[in-house]
Amino acid sequence: MYGWRLRIGLIVPSSNTTMEPEFWKMAPKGISIHTARMNLTDVTEEALIKMEAYARDAAKRLADAEVDIIMYGCTTGSLVKGKGYDKQISQELERHSEIKTITTSTAVLEALKELEISKVAVATPYIDDVNAKEKQFLEDNGIEVVRIKGLGIVKNTEIGRQEPWVAYNLAKRVYTPDIDGVFISCTNFRTIEIIDALERDLGVPVITSNQASMWFTLKNIGIREDYCEYGILMKEHL
């Protein structure tokens, strides 16, 4: 059977076209990905809050597949209501699915902690209002956001159409020498191909939403794997 080592249940916005392919690329042998979706077309504060209403049914459907763990795969969707919202979502979905559930924003916080990043530059595809929510969430969790810059894209499928070099160039523009690392936000923003190049070029660790989500999922379930790509987080901290 597929997933003889681990079955990951993935909950994503309905318009997300990136997280599943990136999860499959990063998944070790014997690990399968099983996905459920929540209605979302535009990445705005109002739409992200409304999206949560679809999460419980998605978690229940993943429980039917007897997945081992559920990842709520949306960065801003798991932080838009502020500090603690990520844990609130996890607890709520665990009650409905009876399966351990984690979120992307929790994974990002844990990855920043793991790499001892306390001052970060953030690159996103988002509009300013959503960036403000993300900055507040990170700072309320003890991470200083030295600089944050977005592309101003509202339509989520348009975010998914961005090539990896777009994330690469944006991360280079947001970089400043007084940071400990760079965070590229959004599970629908294609990034995993450019993490290693960015780390070499900038000389600091690079965390992305999907990379951190996979890392934290594997850590939670006790999977050890030898990676030779996808950044220092995956190569040296699993």
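Each value, and the rule that gives it
- Residues numbered from 1 in each chain as written.
- Predicted model: local features only at pLDDT ≥ 70, side-chain atom pairs only at ≥ 80, totals over all residues.
- Heavy atoms only, no water.
- Helix = DSSP H or I, 4+ residues; strand = E, 2+ residues; numbered from the N terminus.
- Buried < 20%, exposed > 50% of the residue type's maximum accessible area, 1.4 Å probe, protein only.
- Contact = heavy atoms within 4.5 Å.
- Areas by Shrake-Rupley, 256 points an atom, 1.4 Å probe, with all protein chains shown as cover.
- Lys, Arg positive; Asp, Glu negative; His and termini not counted.
- Charge placed at Lys NZ, Arg CZ, Asp CG, Glu CD.
- Axes fitted to C-alpha atoms, helices over the stretch in contact; angles between N-to-C directions.
- Parallel < 35°, antiparallel > 145°, perpendicular 65-115°, else oblique.
- Left-handed = near helix turned anticlockwise from the far one by under 90°.
- Nonpolar A, V, L, I, M, F, W, Y, C, P; charged D, E, K, R; others polar.
- 1 Å grid on protein atoms, 1.4 Å probe; cavity = no way out; pocket = protein on both sides within 12 Å on 5 of 7 lines; lining within 4 Å.
- Points joined across faces, edges and corners; volume = space filled by probe spheres on them.
- Domains from an automatic or database assignment.
- Buried area = accessible area lost by both parts, 1.4 Å probe.
- Salt bridge = Lys/Arg side-chain N within 4 Å of Asp/Glu carboxyl O.
- Polar contact = N/O pair within 3.5 Å; in protein donor to acceptor, adjacent residues only side chain to side chain.

Describing the overall build of the protein chain
Move 1: Tallying secondary structure elements over the protein chain gives 11 helices and 8 strands in all.
Move 2: The proportion of buried residues among the 238 residues of the protein chain is 57%.
Move 3: Contacts in the protein chain between residues at least 24 apart in sequence constitute 75% of all its contacts with a sequence separation of at least 6.
Move 4: Surface exposure of the protein chain reaches about 10100 Å², of which carbon and sulfur atoms provide 44%.
Move 5: Treating the 29 positive side-chain charges of the protein chain as one cloud and the 35 negative ones as another, the clouds have centres 1 Å apart.

Some remarks on the packing of helix α8 (residues 164–174) against helix α9 (residues 195–202)
Move 1: Running from amino to carboxyl end, α8 crosses α9 at an angle of 25°, the nearest separation of the two axes being 10 Å. As judged from the angle between their axes, α8 and α9 are roughly parallel. When you trace α8 past α9, the crossing you get is right-handed. Taking contact as the criterion, the partners of Tyr 168, Ala 171 and Lys 172 in α8 are, on α9, Ala 197, Leu 198, Asp 201 and Leu 202.
Move 2: The residue makeup of the contact of α8 with α9, split by class, is 5 nonpolar, no polar and 2 charged.

Quick look at empty space enclosed by the protein
Move 1: Considering all chains together, one arrives at 1 cavity of 30 Å³ or more under this definition.
Move 2: By volume, the largest cavity amounts to about 80 Å³.
Move 3: Considering the residues around the largest cavity, the lining is formed by 13 residues, among which Pro 13, Val 43, Cys 74, Asn 156 and Cys 186 are closest to the centre.
Move 4: Partitioning the lining of the largest cavity into residue classes produces 7 nonpolar, 6 polar and no charged.
Move 5: Two domains each donate at least three residues to the lining of the largest cavity, and these are domain 1 (6–104 + 211–225) and domain 2 (107–208).

Observations regarding the environment of Ile 153
Move 1: Within the element layout of this structure, Ile 153 appears in the loop between β6 (144–150) and α7 (156–160).
Move 2: Overall, the relative accessible area of 13% leaves Ile 153 in the buried class.
Move 3: Taking C-alpha positions, Ile 153 is 21 Å from Glu 20, a pair spaced 133 residues apart along the chain.
Move 4: With residues up to four places along the chain from it excluded, the contact list for Ile 153 reads Pro 125, Tyr 126, Ile 127, Glu 158, Ile 159 and Gln 162.

Quick look at the domain arrangement of the protein chain
Move 1: If you check the domain split of the protein chain, you get domain 1 (6–104 + 211–225) and domain 2 (107–208).
Move 2: The centre of domain 1, based on its C-alpha atoms, is set 19 Å off from the matching centre of domain 2.
Move 3: When domain 1 packs against domain 2, close to 2700 Å² is buried across both sides, 59% of that on carbon and sulfur atoms.
Move 4: Where domain 1 meets domain 2, there are 2 salt bridges.
Move 5: Lys 25 is paired through a salt bridge with Glu 193; the nearest N and O atoms lie 3.6 Å apart.
Move 6: Where domain 1 meets domain 2, there are 18 residue pairs in polar contact (both at pLDDT 80 or more).
Move 7: Only α1 (19–26), α2 (45–51) and α10 (209–221) provide two or more residues apiece to the side of domain 1 that touches domain 2.
Move 8: Top element by residues in the side of domain 1 that touches domain 2 is α10. It accounts for 6 residues.

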